[in-house]
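Take a look at the letters that make up each chain.
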Amino acid sequence: MRNPKELFSLYKKFYSEIQKRKQEFKNIKKDKNLVFKELCFCLLTPQSKATSCWQAVEELFSSGFPKIPFEKICLILKKYTRFYKTKAKYLTEATKKFDIIWQLVNKNFEPEILREILVREIKGIGYKEASHFLRNIGYSFDLAIIDRQIIKNLIEYKVISKIPKNVDKNKYLELEQKFIMFSNRVKIPLVDLDLLFWAKQTGFVFK
């Protein structure tokens, strides 16, 4: 599906689901517990399936997280995600800082500035995870979530020519700008296009 017209036809198919999901994101920002769940989710996603990571979050919280032993956290994560011990540590450390994070997301920082703060202050959070978190809590729909799926689609639509060897800060921001430019060219909002690429691959809109 290299033709942008075909992409727009697909957008029409998933349009209602995408708008519904965006409204759900906006509603999350009002609820401290839901924001915490989204932070945990985004910490788990690197090199793991998003749907499995959300299952992990649901089981963690139904089991009493964060007031459960570290060993229990590891046992749950082991079923759903890679590098479960490291990610369990990230969750534990993020829990200690969450009151500060909650205060930050309720201030009027520019999204790019808040993203920088999150990357600097939270272990396990890079530019992709911070962008994902801020999107999922409805804080900003203007930051790109540059993951493998997005990169593959950017190659498919000839926005970039190949998968980059490394994605450091400069490369991330470069890819983000190219994604934004492509979004403007096809006249599909950035957040909608991200969700659409997921739906194109899986057949459903997720997060």
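Preceding block: the structure.
Computed from a prediction, not measured in an experiment: that's the story for all the values here. (Residues numbered from 1 in each chain as written. Predicted model: local features only at pLDDT ≥ 70, side-chain atom pairs only at ≥ 80, totals over all residues. Heavy atoms only, no water.)

1. Focus: the overall build of the chain
Thought 1: For the chain, the helix and strand inventory stands at 10 helices and 0 strands.
Thought 2: Mapped in sequence order, the helices and strands of the chain form the string α-α-α-α-α-α-α-α-α-α.
Thought 3: On C-alpha atoms alone, the chain measures out to a radius of gyration of 17 Å, which is about the 17 Å that the 2.2 N^0.38 rule sets for 207 residues.
Thought 4: For the C-alpha atoms alone, the extent of the chain along its principal axes is close to 50 × 35 × 35 Å.
Thought 5: A total of 207 residues make up the chain; the buried ones form 48% of that total. (Helix = DSSP H or I, 4+ residues; strand = E, 2+ residues; numbered from the N terminus. Rg over C-alpha atoms; globule rule 2.2 N^0.38 Å. Buried < 20%, exposed > 50% of the residue type's maximum accessible area, 1.4 Å probe, protein only.)

2. What to know about helix H9 (residues 169-186)
Thought 1: Its 18 residues give H9 an end-to-end C-alpha distance of 26 Å, which sits within 8% of 26 Å, the value for a rise of 1.5 Å per residue.
Thought 2: Among the residues of H9, Tyr172, Leu175, Glu176, Phe179, Phe182, Ser183 and Val186 are the ones counted as buried. Here the buried residues of H9 occupy an arc of 125° about the axis, which is enough to place them on one side. Residues of H9 that are exposed and point over 90 degrees away from its buried face: Asn170, Met181, Asn184 and Arg185.
Thought 3: The inward-facing, buried residues of H9 abut helix H1 (4-28), helix H6 (111-121), helix H7 (127-136), helix H8 (148-156) and helix H10 (190-202).
Thought 4: Looking one or two residues past H9, Lys187 carries a phi angle of roughly 60°, positive in sign. (Expected span 1.5 Å × (residues − 1). Arc of directions from axis to C-beta. Contact = heavy atoms within 4.5 Å.)

3. Let's talk about helix H4 (residues 70-78)
Since there are 3.6 residues in each turn of an α-helix, residues three or four apart along the chain are aligned in direction.
Thought 1: Of the residues making up H4, those classed as buried are Ile73, Cys74, Ile76 and Leu77. With its buried residues spanning 165° around the axis, H4 presents them on a single face. Summarising the geometry of H4, the exposed residues directed more than 90 degrees from the buried face are Glu71, Leu75 and Lys78.
Thought 2: Buried residues along H4 sit against helix H2 (32-44), helix H3 (50-62) and helix H5 (84-105).

4. Considering the packing of H3 against H4
Thought 1: Interhelical geometry of H3 versus H4 gives an angle of 150° and a closest axis separation of 9 Å. Here H3 is positioned roughly antiparallel relative to H4, judged by the angle of their axes. Here the hand of the crossing between H3 and H4 comes out right-handed. Of the residues in H4, those touching H3 at Ala56, Glu59 and Leu60 are Ile73, Ile76 and Leu77.
Thought 2: Tallied by class, residues from the contact of H3 with H4 come to 5 nonpolar, no polar and 1 charged. (Axes fitted to C-alpha atoms, helices over the stretch in contact; angles between N-to-C directions. Parallel < 35°, antiparallel > 145°, perpendicular 65-115°, else oblique. Left-handed = near helix turned anticlockwise from the far one by under 90°. Nonpolar A, V, L, I, M, F, W, Y, C, P; charged D, E, K, R; others polar.)

5. Describing the packing of aromatic side chains
Thought 1: One pass over the full model with this rule turns up 16 aromatic pairs.
Thought 2: On the basis of an interplanar angle of 85° and a centroid distance of 5.5 Å, the ring pair of Phe41 and Trp54 is categorised as edge-to-face. You can see Phe41 sitting in helix H2 and its partner Trp54 sitting in helix H3, a full 13 residues away along the chain.
Thought 3: Plain terms: the ring middles of Phe41 and Phe206 are 6.4 Å apart, the flat faces sit at 85° to each other, and that makes the pair edge-to-face. Taken together, the residues Phe41 in helix H2 and Phe206 in the segment after H10 connect sequence positions 165 residues apart.
Thought 4: Aromatic ring contacts, followed pair by pair, group Phe41, Trp54, Trp198, Phe204 and Phe206 into a single cluster.
Thought 5: Across from the ring centre of Trp54, 3.6 Å away, lies the NZ or CZ of Lys207, which sits over that ring. (Phe/Tyr/Trp six-rings, centres within 6.5 Å; stacked < 30°, edge-to-face > 60°. Lys NZ or Arg CZ within 6 Å of the ring centre and 35° of its normal.)

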